[in-house]
Amino acid sequence: MSNAIDTATVAGSHGSGIIPVYDPSNEELIGEVVDSDQKIVDEAVARARETFESGVWRKLPAAHRAEVLFRAADIIKARTDELAAIEARDNGMNATAARHIIKVSHEMLVYYAGWVGKIHGESSNLVSDGLLGTFENYHTFTQYEPVGVVGLIIPWNGPFFIAMLKVAPALAAGCSAVLKPAEQTPLSALKLEEIFREAGLPDGVLNVITGYGETTGAALTAHPDVDKIAFTGSTEVGRLIVKAAAGNLKRLTLELGGKSPLIMFDDANLDKAIMGAGMGLLAGSGQNCSCTSRIYVQRGIYEQVVDGLAAFAQMLPMGGSDDPNSVLGPLISQEQRARVASIVDEGVAAGAHVVTGGKMLDRSGYFYEATIVTDTTPDMRLIREEIFGPVGSVIPFDDEDEVIAAANDTHYGLAGSIWTENLGRAHRVVNELRAGQVWVNSALASDPSMPICGHKQSGWGGERGKKGLESYFNIKSVYIGH
Ligand code: ADP
């Protein structure tokens, strides 16, 4: 094993096997983790349950719990270089992107640490009709109680950040958790357990288990002693999770796929709009659920924008985790790259035109060129499916109503981006887009305080912000008669 990351091998002797972990930018083996079987899942859930019932975390004074989270945030900040190096090699992303992931993860934890103890119910004095015709007096209040043991299942794009999106509110709420990272990128999540322990989180409150989705993930999802699953991943797996969670009717938060439109009107600031569309499409090599891969451009500026986007795509340097100058990294696996290529090839066979890109790179690592496609039709997989690769289709339109209908013609509803200098038009189109997150003259902006709640088949519930925290609580209504 070359350049093995020392934390890659997880303790645990009774896993059913070992999962090799590769750097997708050079196909080097960088570690191995346990393929957790049912017994490991059961033990992790039992540890979480024991800590939840004993109250060793949830019953601590709020200030103590907040301190632990703030301390963990400090440790993450201090260990940015080390964590970014792990994240880069695990996912294949470059050092700048990896450092950004660690930075926004730190910010997310600080945000939720600040919420500890600040979620309150409401109270009132009620007078109700009693059964015997008398009035009854009550002092009533609602209280927020942590939902219990939560299973957190995350994908391979930005793994440390997506883990934090779930771990931070779960711990802030007082839950105990079992976290399962993606089999492709398990390494940084393992560090989380260590970091929180060092920060003073009691043992057993956060448990990280590694394994494949269809076995370890499925066992966690179906586990009768898990109260909630928070999942980020594909819509297809989201459906499996809904079915598996039916046994004990777990609470679910699902952050699923997207096929987000970007709409560019002819009054947009074109330089900014082209760069925004390029980054909206190509950040993370398109491996981003909010990636704006359907780019609708008003006809008068269409040719100019296609040329501009092609030039932007060609300009971005490609490289792996060891290349400080790269912007575009590899795709996560050979299978994923083959899938992306098949979607493009199928579109071309049906009449689509590749303006730039459309090929795999002839080097080690799962690289696929930044690709701009025109002449698509609405039925093509290029337009209908979440590609999760650096492939965008540019589609001309004539007027507002037409583009709103086209933008909404999808099962997904995660995000959308509008480029215009016309304020009235911006508001009209914001109101009509069926998506949980809309940017005007921006793409991919995000903040810990702003929830993402996928519409349609992009999800259930929401993450980030107060809304994200609330999903880790049950509400109890209390009537005190007097
Ligand atoms: P992506 O398309 O981003 O790979 P997936 O939806 O396939 O996303 O996987 C996201 C996460 O869900 C990963 O941690 C994966 O192991 C897990 N997963 C996959 N299949 C299942 C399943 N049937 N039950 C629970 N978790 C699963």
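Predicted model only: the values in this text are computed from it and were never measured.

A few words now on the environment of Phe-388. Summarising the element assignment, Phe-388 is placed in the loop between helix H12 (381-384) and strand E14 (391-397). For the pair Phe-388 and Cys-289, spaced 99 residues apart in sequence, the C-alpha separation works out to 7.4 Å. Excluding residues within four positions of it along the chain, Phe-388 makes contact with Trp-156, Asn-157, Gly-286, Gln-287, Asn-288, Cys-289, Leu-331, Gln-336 and Val-340.

Our next topic: the packing of aromatic side chains. The geometry of an aromatic ring pair comes down to the distance between the two centres and the angle between the two planes. Evaluated as defined, the whole model comprises 5 aromatic pairs. A ring pair is formed by Tyr-138 and Tyr-479, whose centres lie 5.8 Å apart and whose planes are at 85°; its orientation type is edge-to-face. A residue pair is termed long-range when its members are at least 10 positions apart, and Tyr-138 in strand E4 (residues 135-146) and Tyr-479 in strand E18 (residues 473-481) qualify at 341 residues. Centre to centre, the rings of Trp-156 and Phe-388 are 5.4 Å apart; their planes meet at 85°, and the pair counts as edge-to-face. Of this pair, Trp-156 sits in the loop between strand E5 (149-153) and helix H5 (159-173) while Phe-388 sits in the loop between H12 and E14, and the two are 232 residues apart along the sequence. Phe-388 matches Trp-156 in its accessibility class, with the two residues each being buried. The ring centre of Trp-57 lies 5.9 Å from the NZ or CZ of Arg-65, which sits over that ring. A cation sits over an aromatic face here: Lys-228 above Tyr-472, 4.4 Å from the ring centre.

Moving on: the sheet that holds strand E9 (residues 251-255). Strand order in the open sheet formed by 6 strands is E7-E6-E5-E8-E9-E17, with mixed pairing between adjacent strands. Two strands close off the open sheet at either side, each with one partner strand: strand E7 (206-208) and strand E17 (459-460). The sheet contact formed by E5 and strand E6 (residues 176-180) spans 5 bridges and is parallel. Paired with Val-149 across the bridge in E6 is Ser-176. Relative to the sheet, helix H8 (residues 235-244) contacts E5, strand E8 (228-232), E9 and E17, its axis offset from that of E9 by approximately 180°.

A few words now on the nonpolar core. Counting 62 residues, the largest nonpolar core has Leu-69, Ile-76, Leu-109, Leu-179, Leu-192 and Phe-196 as its most contacted members. Looking at this core element by element, the count peaks at 12 residues for H5. If we ignore the near neighbours within four places in the chain, the residues touching Phe-196 are Leu-69, Ala-72, Leu-109, Val-167, Leu-171, Leu-201 and Leu-206. One finds Met-264, Ile-274, Ala-277 and Leu-316 within the second-largest nonpolar core, a separate group that totals 25 residues.

A few words now on the pairing of strand E15 (residues 416-419). Burial along E15 is two-sided: the face carrying Gly-416 and Ile-418 and the face carrying Ser-417 and Trp-419 are both buried. Sheet analysis places strand E10 (residues 261-264) next to E15, joined by 3 bridges and oriented parallel. From the neighbouring strand, Leu-262 faces E15, where its bridge partner is Ser-417. Relative to strand E16 (residues 438-440), E15 runs parallel, the two being bridged by 3 bridges. Paired with Ser-417 across the bridge in E16 is Trp-439. Handedness of the crossover joining E15 and E16 through helix H14 (residues 423-432): right-handed.

What counts, and where the lines are drawn
Residues numbered from 1 in each chain as written. Predicted model: local features only at pLDDT ≥ 70, side-chain atom pairs only at ≥ 80, totals over all residues. Heavy atoms only, no water. Helix = DSSP H or I, 4+ residues; strand = E, 2+ residues; numbered from the N terminus. Contact = heavy atoms within 4.5 Å. Phe/Tyr/Trp six-rings, centres within 6.5 Å; stacked < 30°, edge-to-face > 60°. Buried < 20%, exposed > 50% of the residue type's maximum accessible area, 1.4 Å probe, protein only. Lys NZ or Arg CZ within 6 Å of the ring centre and 35° of its normal. Pairing = 2+ DSSP bridges. Axes fitted to C-alpha atoms, helices over the stretch in contact; angles between N-to-C directions. Core = buried A, V, L, I, M, F, W, Y, C linked by side-chain atoms within 4.5 Å. Right-handed = clockwise from strand over helix to strand, strands pointing away.

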